[in-house]
Amino acid sequence: MRYAHIIGWGKYVPERVLTNADLEKMVNTSDEWIRTRTGIRERRIAANPEDTTATMAVRAARKALNMAGVQPGQLDLIIVATSSPEHIFPATACLVQNALGASKAGAFDLSAACSGFVYALAMAHAVIASGQAEYVLVIGSETLSRITDWKDRNTCVLFGDGAGALLLRASDQPGGILSTVLGSDGSGGDLLIVPAGGSRLPTSPETVAQGMHYIKMDGREVFRFATRVMAKATQEVVAKAGLKLQDVNLVIPHQANERIIHSSMSALKMTPEKVFINLDRYGNTSAASIPIALCEAIETGRVRPNDNLVFVGFGAGLTWAAAAVKWGVPPPAKPLSWWRRLQIALQGPWASLRSWMLRLGRRLYALIPGYAGESLYLPISRTRESPPAAPARSAPSEETQPGGEG
Ligand code: UT7
């Protein structure tokens, strides 16, 4: 039997704090409304253009790797859960792989909105348990402020930016991730959506003029859905792990709204000291919220070895996900040696040099006489004589419509 243990963790949040008082000057809202309806007092915003989904992910990831004393070159897989990727493609995970210098890692993004981090954890668990990977880095990173309509009070008061990372290692010692539960209901896809910018509605002057590239949400419906699935997913994942609700030491829920958390956890008779909340200072950081909260729970002594933890989230899709974890690692006690500190300091410059050399190598290779890119690989007849047929245009099918019945 192979188990997936969490051996490193790290978080990064941008410096700029946006308070409810700041928002009062931007939209028709009040500190009182935001606090009583959501529990949020302030959030972090990536005001510095240097803070992007990838750069924040890299900062969180380096902390997780350094804490565990694992080199980027040992990673087998990097998964970045995000709804605010750097580009449609390439995957943000590949940018993170390059910046870390993770020379033998596969890398992909996972899109399951605010449930994304727990989905990614489930994937990491699966590849480790099946023997396909030893070390997997799971990151949740978001710059939602860049797809938020700062004139829409229904959404702009809720979200924040940041990143959190966990490093998982294969082990034959029982523990680590005990069980996972994943769920989805695409019939509610239209309840929380960025309508434009994808293949259904490509960006155009009209979509930009109508603000269709921003988050749109039916908050009330999402609220109802969330309170229902948070409790259900927690119950299911605990039972699947062979535990009872009383065995759970700490629940780390997706940090969307204090009322959602209280309502779903009180339905399970979870007392407040068994539930970790930090959304008052970060708002809803979507896929980053659970790993950021876990890091803070560890830092503040709320997580101890042998604790049974539950991570549970919900989000656009609609999606929901939960994971039960037996915590096994005490935080590192002894200070790092000078040699290890030097290695860590050189990691970033080495990754940049490696990336630069790979790019240079590609340029030099293209200068070799006779090198003609893909024609080396495709038969001449196909490249010259038979261009691929243009795809037929067809109306979008019902099944893929957000909110469609199919
Ligand atoms: O990760 C998943 C992301 N999404 C969520 O977690 C969202 C889940 N939903 C919620 O958290 C809550 O539904 C909200 C916090 C978004 C809204 O709270 P609510 O208690 O459901 O309020 P509501 O939507 O029922 O709106 C009540 C009123 C409305 O005015 P009217 O129509 O009753 O006159 C809103 O227009 O509050 C108004 N309102 C605001 N007022 C002041 C909405 N946003 C604001 C605001 N400031 N920022």
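These remarks concern the structure in this document.

Each value, and the rule that gives it
The numbers attached to residues start from 1 for each chain and follow its sequence in the written order. Restriction of local features to residues with pLDDT of at least 70 applies here, the model being predicted, together with a cutoff of 80 or more for giving and counting side-chain atom pairs; totals for whole chains, interfaces and linings are based on all residues. Helical segments are the DSSP runs of H or I of at least four residues, strand segments are the runs of E of at least two, and each set is numbered from the N terminus. Counting other C-beta atoms within 10 Å of a residue's C-beta gives its exposure: the residue is buried at 20 or more, exposed at 12 or fewer, and partly exposed in between, where C-beta atoms are placed from the backbone. The contact criterion used here is simple: two residues whose C-beta atoms, placed from the backbone, lie within 7 Å are in contact. As a rule, any residue with its backbone-derived C-beta atom within 6 Å of a molecule or strand is reported as near that molecule or strand. Polar here means any residue outside two lists: the nonpolar Ala, Val, Leu, Ile, Met, Phe, Trp, Tyr, Cys and Pro, and the charged Asp, Glu, Lys and Arg; Gly therefore counts as polar. Only strands that DSSP links by at least two bridges are regarded as paired with each other. For helices, the fitted line uses only the C-alpha atoms of the stretch in contact; every axis is such a line through C-alpha atoms, and the angle between N-to-C directions lies from 0 to 180 degrees.

**Topic: the overall build of the protein chain**
Secondary structure assignment for the protein chain yields 13 helices and 13 strands. Residues classed as buried in the protein chain amount to 45% of the 406 residues present. Of the contacts formed within the protein chain by residues at least 6 apart in sequence, a portion of 78% connects residues at least 24 apart.

**Focus: the site of the ligand**
Taken together, 20 residues surround the ligand, and among them T29, C114, G219, F223 and A256 come closest. Of all the secondary structure elements, the ones that give two or more residues to the shell around the ligand are α2 (31-38), α6 (153-156) and α8 (219-240). In terms of residue count, α8 provides more of the shell around the ligand than any other element does, five residues in total. Along the lines of polarity and charge, the residues of the shell around the ligand split into nine nonpolar, eight polar and three charged.

**Description of the sheet that holds strand β11 (residues 250-253)**
Spatially, β8-β13-β12-β11 is the arrangement adopted by the four strands of the open sheet, whose pairing is mixed. The two strands at the open ends of the sheet, each matched to only one other strand, are β8 (176-184) and β11. Put simply, the sheet's adjacent strands are angled 15° from each other on average, direction ignored. Pairing between β8 and strand β13 (residues 319-326): eight bridges, direction antiparallel. Residue pairing across strands places G183 opposite W320, the latter belonging to β13.

**So, helix α11 (residues 289-299)**
Within α11, eight of the eleven residues are buried, which leaves the element mostly enclosed by the surrounding structure. Every buried residue of α11 is accounted for by S289, I290, P291, I292, A293, L294, C295 and A297. Looking one or two residues beyond α11, the residue adopting positive phi is G301, at roughly 75°.

**Comments concerning unusual backbone geometry**
At the junction of F89 and P90, the peptide bond is cis and its omega measures out at 5° in the coordinates. Inspection of the secondary structure assignment puts P90 in the loop between β4 (77-81) and α4 (92-100). Each neighbour pair has its own omega, and for G317 with L318 the value is -5°, a cis peptide bond. Phi is positive for K269, close to 60°, though the residue is something other than glycine. In this structure, K269 sits in the loop between α9 (258-267) and α10 (279-282).

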